[in-house]
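Structural overview for review
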Amino acid sequence: MPELILVIEDEAAIVDFVERGLRGEGFTVASASDGIDGTAKALDDRVDLVVLDMMLPGRSGSEVLATIRDARPTLPVIVLTARGEVEDRVAGLEAGAVDYLVKPFALAELVARIKAQLRVALQAPTTTARSGDIELNLITREVRRGDLQVRLSTIEFELLTYFVHNRGRVLSRAELLNTVWGYDHDPGTNVVDVYVGYLRRKLSQGERRAPITTIRSVGYRLDDAD
Ligand code: CA
């Protein structure tokens, strides 16, 4: 069975171009021209991947994405954004989009992204990482502490994943900055401290503080056990 790709986009010319291109690659393609129809179709479990435009009539791309993420957390989504829609782009990533493409894009690029995402989705075992009572699902990006679910943004999730993989080890701000943010920041930035603060707040439960220790003038350590 060829994979079914759902294209949610209101610009007919783009839908036409993408549909023809994807069919040429052997995919089955369905489309929706507004956010309401798009949401309904995305929740059909025959859909294997969604190409989602951010600017849509009916419901915005961010709203569509939020619904998809709640209902089908592992469904790959490739978000299309116009150049300059930086806030939309960030909102899309925060809501868990697996990938995004800036318009105008080459069909070959979209096809490459789709194939990559489908490969990941096919292989997807339920992979978890754990430290003490903190558990991360690396596929669905769900995080729990004990019995309670913790909602994290994309960056917070990446940061916590790195902490969990390196639990018990002191991580410098520079290491965290390079690994999680992945590019050269102003070394004077306090972004690491800000995000560790977010993580601590989200991971603490009443009297039980988040198990992240500040190592003065160095960085942070995730303590292994409770
Ligand atoms: Ca649009």
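Residues numbered from 1 in each chain as written. Predicted model: local features only at pLDDT ≥ 70, side-chain atom pairs only at ≥ 80, totals over all residues. Heavy atoms only, no water.

1. Here's the deal with the packing of aromatic side chains
Under the definition given, this model contains three aromatic pairs. Each ring, one from Phe 17 and one from Phe 105, has its centre 6.1 Å from the other, and the planes form 45 degrees; the classification is tilted. Separated by 88 residues along the polypeptide, Phe 17 in helix 1 (residues 12-24) and Phe 105 in the loop between strand 5 (99-103) and helix 5 (107-123) bring together distant segments of the chain. Relative to Tyr 198, the ring of Tyr 195 has its centre 5.0 Å away and its plane inclined at 75 degrees; by these criteria the two rings are edge-to-face. With Tyr 195 and Tyr 198 both in helix 8 (residues 191-203) and three residues apart, this pair spans about one turn of that helix. (Phe/Tyr/Trp six-rings, centres within 6.5 Å; stacked < 30°, edge-to-face > 60°. Helix = DSSP H or I, 4+ residues; strand = E, 2+ residues; numbered from the N terminus.)

2. So, the environment of Pro 76
Tracing the chain through its elements places Pro 76 in the loop between helix 3 (61-71) and strand 4 (77-82). Take Pro 76: its relative accessible area is 4%, and that puts it in the buried class. C-alpha separation for the pair Pro 76 and Ala 121, spaced 45 residues apart in sequence, amounts to 7.1 Å. (Buried < 20%, exposed > 50% of the residue type's maximum accessible area, 1.4 Å probe, protein only.)

3. Here we look at the sheet that holds strand 3 (residues 49-53)
The strand order across the open sheet built from five strands is 2-1-3-4-5, with neighbouring strands paired in parallel fashion. Edge positions in the open sheet fall to strand 2 (28-32) and strand 5, since each of these has one partner strand only. When strand polarity is set aside, the average angle formed by the axes of neighbouring strands in this sheet is 20 degrees. The sheet contact formed by strand 1 (residues 4-8) and strand 2 spans five bridges and is parallel. For Val 7, the partnering residue across the bridge sits in strand 2 and is Ser 31. Helix 1 contacts strand 1, strand 2 and strand 5 of the sheet and is inclined by roughly 165 degrees relative to strand 2. Most of the contacts of helix 3 go to strand 3, to which it runs at about 155 degrees, and overall it touches strand 1, strand 3 and strand 4. (Pairing = 2+ DSSP bridges. Axes fitted to C-alpha atoms, helices over the stretch in contact; angles between N-to-C directions. Contact = heavy atoms within 4.5 Å.)

4. Things to note about the pattern of salt bridges
Enumeration over the complete set of coordinates arrives at 19 salt bridges. Across the salt bridge formed by Asp 44 and Arg 46, the nearest N and O atoms sit 2.7 Å from each other. Take Asp 44: its relative accessible area is 26%, and that puts it in the partly exposed class. Among the residues examined, Arg 46 registers a relative accessible area of 60% and is labelled exposed. Between Arg 173 and Asp 193 there is a salt bridge, and its shortest N-O distance comes to 2.7 Å. One end of the pair, Arg 173, is in helix 7 (residues 173-181); the other, Asp 193, is in helix 8, and 20 residues separate them in sequence. Given the relative accessible area of 25%, Asp 193 is considered partly exposed. Taken together, the shared-partner salt bridges in this structure form one network comprising Glu 9, Glu 11, Asp 53 and Lys 103. (Salt bridge = Lys/Arg side-chain N within 4 Å of Asp/Glu carboxyl O.)

5. Re the sheet that holds strand 7 (residues 134-137)
Ordered in space as 6-7-8-9, the four strands form an open sheet in which the pairing is antiparallel. Both edges of this open sheet fall to strand 6 (128-131) and strand 9 (148-150), since each of them pairs with a single strand only. Within this sheet the neighbouring strands show an average axis-to-axis angle of 25 degrees, counted without direction. Here helix 6 (residues 154-165) sits on the sheet and contacts strand 6, strand 7 and strand 8 (143-145); the angle it forms with strand 7, its principal contact strand, is near 120 degrees.

6. A word on helix 2 (residues 35-42)
Turning to helix 2, its buried residues number three or more, namely Gly 35, Gly 38, Thr 39 and Ala 42. One side of helix 2 holds all its buried residues, which, seen down the axis, span an arc of 100 degrees. When the buried face of helix 2 is taken as reference, the exposed residues oriented beyond 90 degrees from it are Ile 36 and Ala 40. Packing partners of the buried residues in helix 2 comprise strand 1, strand 2, strand 3 and helix 3. Its side-chain oxygen at 2.8 Å from the backbone nitrogen of Ile 36, Asp 34 defines the N-terminal cap of helix 2. (Arc of directions from axis to C-beta. Polar contact = N/O pair within 3.5 Å; in protein donor to acceptor, adjacent residues only side chain to side chain.)

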